[in-house]
Amino acid sequence: MNGFIERLIGTNNMRPKSGKYGNHCYSGRYHGGRVTYYYDDSEIERIYQGKYRYSRKSYEGSLEKTTIRACGNFDEDLKSGRWKYQSKRKREKKVLIIDYERGIYNGVYIYKSWKGMTFLGWKKRSKRLSMRMHNGHPIGEIKGNLGRDKFKGNFDEEGNPHGLWVMDIKTDGNKTCYEEWEHGDRKEFYSISRHSGNRIESDPKITVIIENFIYRECTNLERIEPKGCALWKGNFKI
């Protein structure tokens, strides 16, 4: 495809600055929206290779418009490098950023959302989750907040919860929950009320809340373009 045709269809800025890209470019309708991607032909199907960008607008359940987007890079039909997924409506915005290495989660895994607007921008009722992935599972520190409820914890090298996990819960009982893990094995789980100071033994709660949140919010955003990787649904190695 020569440069004139690329400029004509508006895809010239889609060429990667470095690395391989497919011999062909498609820019047009795709799964109810619009897409631009590079590809090579095979006997069975197209092999995505290079930059990818997709967007779709919909009106789900009301007259309020929702815009979803996904952009990233493919390497021989596998997601590679940094991908960004986004869903936006009038008073809500969700963003998921993931690093891949040939279809495997490897690098940052960050989710953030804002609901409600202030004069200073998207601040109200925010949610955030931040961690790193290695060979398809989380490692090291995980931290964030689900509204006013803040949490932090750690994983070992195999993706198991490890060490002390803490979650300050203000929306349900005003308490602090603690979970003590040793390479995925349960050690001690309890909560302390901020009102009375009473300690109550409990079942695992923090890890369950975060697993459910990842599946409900993060995996759902990643499904905007599920091609090129095995979707992680937030399951920790417990």
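Quantities reported herein were computed from a predicted structural model and do not represent experimental measurements.

A. Examining the overall build of the protein chain more closely. For the protein chain, the helix and strand inventory stands at two helices and 14 strands. By the burial criterion, 45% of the 238 residues in the protein chain qualify as buried. For the protein chain, the proportion of contacts with a sequence separation of at least 24, taken over those separated by at least 6, is 33%. Summed over its atoms, the accessible surface of the protein chain is roughly 13,600 Å², and 47% of this surface lies on carbon and sulfur atoms.

B. Structural context of a positive patch on the surface. Together, K57, K65, R69 and K88 make up a region of like positive charge exposed at the surface. Relative to the helices and strands, R69 is located in strand β4 (residues 66–75).

C. A look at the packing of aromatic side chains. Per the stated rule, a full pass over the model turns up 24 aromatic pairs. Consider the rings of Y26 and Y37, whose centres lie 5.6 Å apart with planes at 45°: the pair is tilted. Taken together, the positions of Y26 in strand β1 (residues 24–30) and Y37 in strand β2 (residues 33–41) put the pair 11 residues apart, joining distant regions of the chain. Ring geometry for W232 and F236: centres 6.4 Å apart, planes at 35°, overall tilted. Across this residue pair, the class does not change: W232 and F236 are buried. Positioned above the aromatic ring of Y190 is the side chain of R199, whose terminal nitrogen or guanidinium carbon lies 3.7 Å from the ring centre.

D. Expanded view of the pairing of strand β7 (residues 104–115). Burial analysis of β7 places nine of its 12 residues in the buried class, which makes it a mostly covered element. Both strand β6 (residues 92–101) and β7 contribute to a ladder of nine bridges, which runs antiparallel. Within β7, the residue paired with V95 across the bridge is K112. If you look at the hairpin formed by β6 and β7, you'll find two residues sitting between the two strands, and R102 has a positive phi there, around 50°.

E. Focus on helix α2 (residues 206–222). Between its first and last C-alpha atoms α2 spans 23 Å; for 17 residues at 1.5 Å apiece the expected length is 24 Å, and the two agree. Along α2, the sharpest kink reaches roughly 35°, centred on I214. Burial in α2 covers these residues: I206, T207, I210, E211, F213, I214, E217, C218, T219, L221 and E222.

F. Here's a closer look at the pairing of β6. Counting buried residues along β6, eight of its 10 residues qualify, which places the element largely inside the surrounding structure. Sheet analysis places strand β5 (residues 78–89) next to β6, joined by nine bridges and oriented antiparallel. What sits directly across from R82, in β6, is D99. Between β5 and the antiparallel strand that follows it, β6, lie two residues.

G. Spatial organisation of the pattern of salt bridges. Tallying each qualifying case throughout the model produces 11 salt bridges. With a shortest N-O distance of 3.5 Å, K187 and E182 are connected by a salt bridge. The exposure class assigned to E182 is partly exposed, which follows from its relative accessible area of 40%. Of the charged contacts in the structure, one is a salt bridge between E188 and R199, with a shortest N-O distance of 2.4 Å. Of this pair, E188 sits in strand β13 (residues 185–193) while R199 sits in strand β14 (residues 199–201), and the two are 11 residues apart along the sequence. Judged by its relative accessible area of 42%, R199 falls in the partly exposed class. Here the salt bridges do not stand alone but share partners, grouping D75, E76 and R102 into one network.

H. Region of the structure containing the environment of G153. If you trace the backbone, G153 turns up in strand β10 (residues 149–155). Taking the C-alpha atoms as reference points, G153 and Y178, separated by 25 residues in sequence, lie 9.8 Å from one another. Every residue in contact with G153, bar those within four places of it in the chain, is listed here: G140, E141, I142, L164 and W165.

I. Local environment of the side chain of S191. Relative to the elements of secondary structure, S191 occurs in strand β13. The exposure class of S191 is buried, given its relative accessible area of 8%. Once residues within four sequence positions are removed from consideration, S191 is found in contact with K175, T176, C177, N198, R199, I200 and S202.

The rules we used
Residues numbered from 1 in each chain as written. Predicted model: local features only at pLDDT ≥ 70, side-chain atom pairs only at ≥ 80, totals over all residues. Heavy atoms only, no water. Helix = DSSP H or I, 4+ residues; strand = E, 2+ residues; numbered from the N terminus. Buried < 20%, exposed > 50% of the residue type's maximum accessible area, 1.4 Å probe, protein only. Contact = heavy atoms within 4.5 Å. Areas by Shrake-Rupley, 256 points an atom, 1.4 Å probe, with all protein chains shown as cover. Patch = residues over 30% accessible without salt bridge, like charges linked within 9 Å, V, L, I, M, F, W, Y side chains within 5 Å. Salt bridge = Lys/Arg side-chain N within 4 Å of Asp/Glu carboxyl O. Lys, Arg positive; Asp, Glu negative; His and termini not counted. Charge placed at Lys NZ, Arg CZ, Asp CG, Glu CD. Phe/Tyr/Trp six-rings, centres within 6.5 Å; stacked < 30°, edge-to-face > 60°. Lys NZ or Arg CZ within 6 Å of the ring centre and 35° of its normal. Pairing = 2+ DSSP bridges. Expected span 1.5 Å × (residues − 1). Bend = angle between axes of the 7 residues up to and from the residue.

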